[in-house]
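Structural features, examined
The lines below spell out each chain.
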Amino acid sequence: MSRINIELPGLDLKNPIMPASGCFGFGREYAQLYDLSKLGAIMIKATTLETRRGNPTPRVAETSAGMLNAIGLQNPGIEKVMGEELKFLEGYDVPIIANVAGTEVADYVEVAERISKAPNVKALELNISCPNVKCGGIQFGTDPQTAKELTQAVKAVSSVPVYVKLSPNVTSIVDIAKAVEEGGADGITMINTLVGMRLDERTGKPVIANGTGGLSGPAVKPVAIRMVYEVYKAVNIPIIGMGGVTCAQDVIDFMSAGASAVAVGTANFVDHFVCPTIIDELPAKLDALGVEHISEIIGRSHR
Amino acid sequence: MIRQEKMTVVAQVQIATNIFELTLQGQLVQDMTPGQFVHVKVSDTFEPLLRRPISIANVDKEKNEFTMIYRAEGRGTQFLATNREGQIVDVLGPLGNGFPVDAAQPGQTALLVGGGIGVPPLQELSKQLNARGVKTIHVLGFQSEDVCFYEEQFSALGDTYYATVDGSKGTKGFVTTVFDDVKPQFDLFYSCGPMPMLRALEQYYPEKEGYLSFEERMGCGIGACFACVCDTTDKHEKDYVKVCSDGPVFPKGVVAL
Ligand SMILES: Cc1cc2nc3c(=O)[nH]c(=O)nc-3n(C[C@H](O)[C@H](O)[C@H](O)COP(=O)(O)OP(=O)(O)OC[C@H]3O[C@@H](n4cnc5c(N)ncnc54)[C@H](O)[C@@H]3O)c2cc1C
Ligand SMILES: Cc1cc2nc3c(=O)[nH]c(=O)nc-3n(C[C@H](O)[C@H](O)[C@H](O)COP(=O)(O)O)c2cc1C
Ligand code: FES
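Computed from a predicted structure; not experimentally measured.

A closer look at the nonpolar core
Tyr30, Ile44, Ile115, Leu124 and Met190 of chain A are the most contacted members of the largest nonpolar core, which has 136 residues in total. When near neighbours in sequence (up to four residues on either side) are disregarded, tyrosine 30 of chain A contacts Cys23, Phe24, Leu36, Asn268, Phe269 and His272 of chain A together with Cys220, Ile222 and Ala224 of chain B.

The structure is reproduced here in structure tokens:
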């Protein structure tokens, strides 16, 4: 019997490890490196109604133990994502969590309704937290009432459970978490990136063409852990935690704070095999903790 | 096939001011073609975090070795320069699509134009072109003489001309100054270097077939993160290309300059 499987709304996970949205494309590239069926799930790149071109380059900048990105939700649009990318992923035994983005309620709703009907999409991840686009995304994620209404609207049309991805760029993440729970969210994914800026040493101007970018990587882990810890206490829906995960111990930390599963983002750029490596390391971690099944550690910080 | 491999340092030599030649040994050498690159993890801590893209400069498949030539400038490449013989370096590669050696027919002449740290990938390209019976002319641009490298290697393969910004070696000026002086006769060109150089080259020889290698800041290096996209010209069927996985080499006229 598996010691690391996890059951969540819509998701029957072989293990709690999944690549985070935007850090794994639609899986094709990493499929050259290892068998995607090994993963607990895959969070695909944000999908919008129309093709998005994204921001000018440079779109990334390295920072201390982290990076900034301002990709700008570049994606080929729902038509191509469903027709080509999700079809490709059907070749693997892995549930897909579709990251849905938009500029107004109507296009969130349309993308959610359509993409939730794809056979391998087992859950939606409502992206109300992208800091890198001028309109759409983050303004839905910073006001509790707006977040709740969008969640309700998407819940009403989705054929699969809806997880809402929270932004850390708010005064009280707990208020947003409670609001989306009231709006009917089946789960929460957190955190998206923290808005930041890096300056060029010579010119004194921002390195990233967009000016600001979203900070990710090991540098953000303490912030993410704190937020998961707080939200776990405040809501009764499951949390998929992320932010700076690079190893099995980080996974244990997130689950201890209250996450039921864990996503890995930036670390996929540094060690392209990080997800399968972590999965293989988990049983030994459980042995060291004297735990039989990984679900026993969820929320242990609070006990 | 792309591999992530712990490669062994065979040698690390400083060959010009701040310019290092690093020779590594490992299996992934077997799949390398000129113009491809590797994504190098320079430290096993989070500092610096991201891999560094570096071109493949020389390939020796019999010995399972390849060399890269890089400028130790920022913190990542400076870290890389501290590696010594016998140490291990984590390398992902080979990545991207290199220069099409087959585009040049035996008996033809190819013009190879390099600028600064864009020069290294032209070394393996020139070797392979010459092995195919293609004549090569090299026009290499550098900031100044002290950062020039591989003079002997290029000279052994074909006529080699230099341009330096301060005039300390070869013609004073840019590679285009050499074109004016020498008026090279050739059938097609290959180039790697800074954007202004690539732009000038496209404008200089609008009627010639040519292949250009681009640089862009990278995250994943394999096509997944959309960090390295470039806009394309109207002639191309796609709106954008990714330097890491669609490139870094593109036929001229694809990337909007
Ligand atoms: C396909 C490709 C091939 C390359 N081949 C070579 C080569 O053969 N020799 C060589 O010396 N250099 C090469 N470069 C440039 C090399 O990647 C950068 O000089 C290097 O990444 C700078 O790292 P750093 O630690 O010195 O600088 P830092 O300032 O510490 O770098 C910070 C961040 O910016 C990125 N960055 C900075 N400059 C560049 C640049 N010019 N291109 C892409 N990313 C950059 C770094 O990768 C890192 O993520 C190549 C770049 C690309 C894209
Ligand atoms: C290059 C890049 C692109 C991203 N794109 C998206 C995206 O399209 N949608 C989204 O919800 N989050 C996106 N994110 C955020 C990640 O999914 C994740 O929430 C964040 O990076 C924190 O995790 P990490 O520290 O493990 O990277 C992106 C992150 C990076 C680094
Ligand atoms: S570096 Fe990630 S797509 Fe090119």
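Picking up where we left off.
Digging into the packing of aromatic side chains
Residues and elements named next belong to chain B. Scanning the entire structure with this criterion turns up 16 aromatic pairs over all chains. When the centroid spacing of 5.9 Å and the interplanar angle of 80° are considered together, the rings of phenylalanine 149 and tyrosine 150 count as edge-to-face. With relative accessibility at 7%, the residue tyrosine 150 sits in the buried group. A network of ring pairs unites the aromatic residues Phe142, Phe149, Tyr150 and Tyr162 as a single cluster. Cation over ring: lysine 169 sits above tyrosine 162, and NZ or CZ is 4.8 Å from the ring centre. Cation over ring: lysine 242 sits above phenylalanine 226, and NZ or CZ is 4.6 Å from the ring centre.

Thoughts on the pattern of salt bridges
Two side chains with opposite charge may pair up if their charged atoms get near one another. A complete count under the given rule lists 27 salt bridges over all chains for this structure. In this structure, the salt-bridge partner of aspartate 93 of chain A is lysine 14 of chain A, at a minimum N-O distance of 3.7 Å. Placement of the pair is aspartate 93 of chain A in the loop between α2 (78–89) and β7 (96–100) and lysine 14 of chain A in the loop between β2 (11–13) and β3 (17–19), with a sequence separation of 79 residues. Accessibility expressed as a relative area gives 34% for lysine 14 of chain A, which makes it partly exposed. With its nearest N and O atoms 3.2 Å apart, the salt bridge here joins arginine 3 of chain B to aspartate 31 of chain B. With arginine 3 of chain B in strand β1 (residues 3–16) and aspartate 31 of chain B in the loop between β2 (19–25) and β3 (37–41), this residue pair connects regions lying 28 residues apart in the sequence.

Some words on the side chain of asparagine 75 of chain A
Residue and element names in this part refer to chain A. Here asparagine 75 shows up in the loop between β6 (66–69) and α2. Only 3.0 Å separates the side chain of asparagine 75 from the backbone oxygen of leucine 73, close enough to count as a polar contact. Setting aside residues up to four positions removed in sequence, asparagine 75 forms contacts with Ala46, Thr47, Thr48, Glu50, Thr51, Arg52 and Val81.

Examining the interface of chain B and chain A
Each partner contributes to the interface: chain B provides 28 residues, whereas chain A provides 30 residues. The contact between chain B and chain A buries some 2700 Å² in all, and 61% of this surface belongs to carbon and sulfur atoms. On the chain B side of the interface with chain A, the three residues burying the most area are Leu49, Leu50 and Phe226 of chain B, jointly 22% of the side's total. On the surface where chain B and chain A come into contact, there are five salt bridges. With a shortest N-O distance of 3.9 Å, glutamate 29 of chain A and lysine 242 of chain B are connected by a salt bridge. Applying the counting criterion to the chain B and chain A interface returns twelve residue pairs in polar contact (both at pLDDT 80 or more).

Basis of the calculations
Residues numbered from 1 in each chain as written. Chains lettered and ligands numbered in written order. Predicted model: local features only at pLDDT ≥ 70, side-chain atom pairs only at ≥ 80, totals over all residues. Heavy atoms only, no water. Core = buried A, V, L, I, M, F, W, Y, C linked by side-chain atoms within 4.5 Å. Buried < 20%, exposed > 50% of the residue type's maximum accessible area, 1.4 Å probe, protein only. Contact = heavy atoms within 4.5 Å. Phe/Tyr/Trp six-rings, centres within 6.5 Å; stacked < 30°, edge-to-face > 60°. Lys NZ or Arg CZ within 6 Å of the ring centre and 35° of its normal. Salt bridge = Lys/Arg side-chain N within 4 Å of Asp/Glu carboxyl O. Helix = DSSP H or I, 4+ residues; strand = E, 2+ residues; numbered from the N terminus. Polar contact = N/O pair within 3.5 Å; in protein donor to acceptor, adjacent residues only side chain to side chain. Buried area = accessible area lost by both parts, 1.4 Å probe.

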